[in-house]
Amino acid sequence: QVQLVESGGGLVQAGGSLSLSCVASGNTASITAMGWYRQAPGKQREMVALTGNSGSTYYGDSVKGRFTISRDSAKNMVYLQMDNLKPEDTADYYCAAPATPTKAGFVDYWGQGTQVTVSS
């Protein structure tokens, strides 16, 4: 089992910046990737940014050039720096450890979510 707890988020004006943090606990040695997803009201959850154990990073098209994901494996933490925020970035943001191998197969672990609101 892996537990994920996010912090950060809040209200910011368009053009501003926010940072999110997530700490993992439990069987963290099994994690192969960590990242962030978001879900806006009435929309499907979408991938924002992912980073693998090798250091590779992936970003959703809508956030490329504005968001930066980083990871401190020694502290079991992943961060999301969000710059030049837009009203359309408003959503609940979820920390994730997707496709984590377990005895039962691959499991997606999720945090409880943190709200980000960008005012125009």
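Residues numbered from 1 in each chain as written. Predicted model: local features only at pLDDT ≥ 70, side-chain atom pairs only at ≥ 80, totals over all residues. Heavy atoms only, no water.

Undergrad: Please provide a residue-by-residue account of the packing of aromatic side chains, values included.
TA: Within the structure shown, the criterion is met by one aromatic pair. Ring centres of Tyr37 and Trp110 lie 5.0 Å apart, and the angle between their planes is 75°; this geometry places the pair in the edge-to-face category. Of this pair, Tyr37 sits in strand E4 (residues 33-39) while Trp110 sits in strand E10 (residues 105-110), and the two are 73 residues apart along the sequence. The exposure class of Tyr37 is buried, given its relative accessible area of 16%. The residue whose ring lies beneath Arg45 is Tyr94, and the NZ or CZ to ring-centre distance is 3.9 Å. Sitting over the face of the ring of Trp110, Arg45 holds its NZ or CZ atom 4.5 Å from the ring centroid. (Phe/Tyr/Trp six-rings, centres within 6.5 Å; stacked < 30°, edge-to-face > 60°. Helix = DSSP H or I, 4+ residues; strand = E, 2+ residues; numbered from the N terminus. Buried < 20%, exposed > 50% of the residue type's maximum accessible area, 1.4 Å probe, protein only. Lys NZ or Arg CZ within 6 Å of the ring centre and 35° of its normal.)

Undergrad: So what's going on with the nonpolar core? Residues and values would help.
TA: Counting 27 residues, the largest nonpolar core has Leu4, Trp36, Leu80, Met82 and Tyr93 as the members making the most contacts within it. Mapped onto this core, the elements with two or more residues apiece are strand E1 (2-8), strand E3 (18-26), E4, strand E5 (46-52), strand E7 (67-72), strand E8 (77-82), strand E9 (91-102) and strand E11 (114-119). Apart from residues lying up to four places away in sequence, Tyr93 is in contact with Glu6, Leu20, Tyr37, Arg38, Val48, Phe67, Leu80, Met82, Gly113, Thr114 and Val116. (Core = buried A, V, L, I, M, F, W, Y, C linked by side-chain atoms within 4.5 Å. Contact = heavy atoms within 4.5 Å.)

Undergrad: Describe the state of the cysteines, naming the residues involved and giving the relevant values.
TA: If you walk through the whole model with that rule in mind, you get one disulfide. Disulfide pairing is shown between Cys22 and Cys95; the S-S distance is 2.0 Å. One quick way to see it: the torsion about the S-S bond of Cys22 and Cys95 is about -80°, and its sign makes the bridge left-handed. Taken together, the residues Cys22 in strand E3 and Cys95 in strand E9 connect sequence positions 73 residues apart. Here Cys22 falls in the buried class, since its relative accessible area comes to 0%. (Disulfide = S-S within 2.5 Å.)

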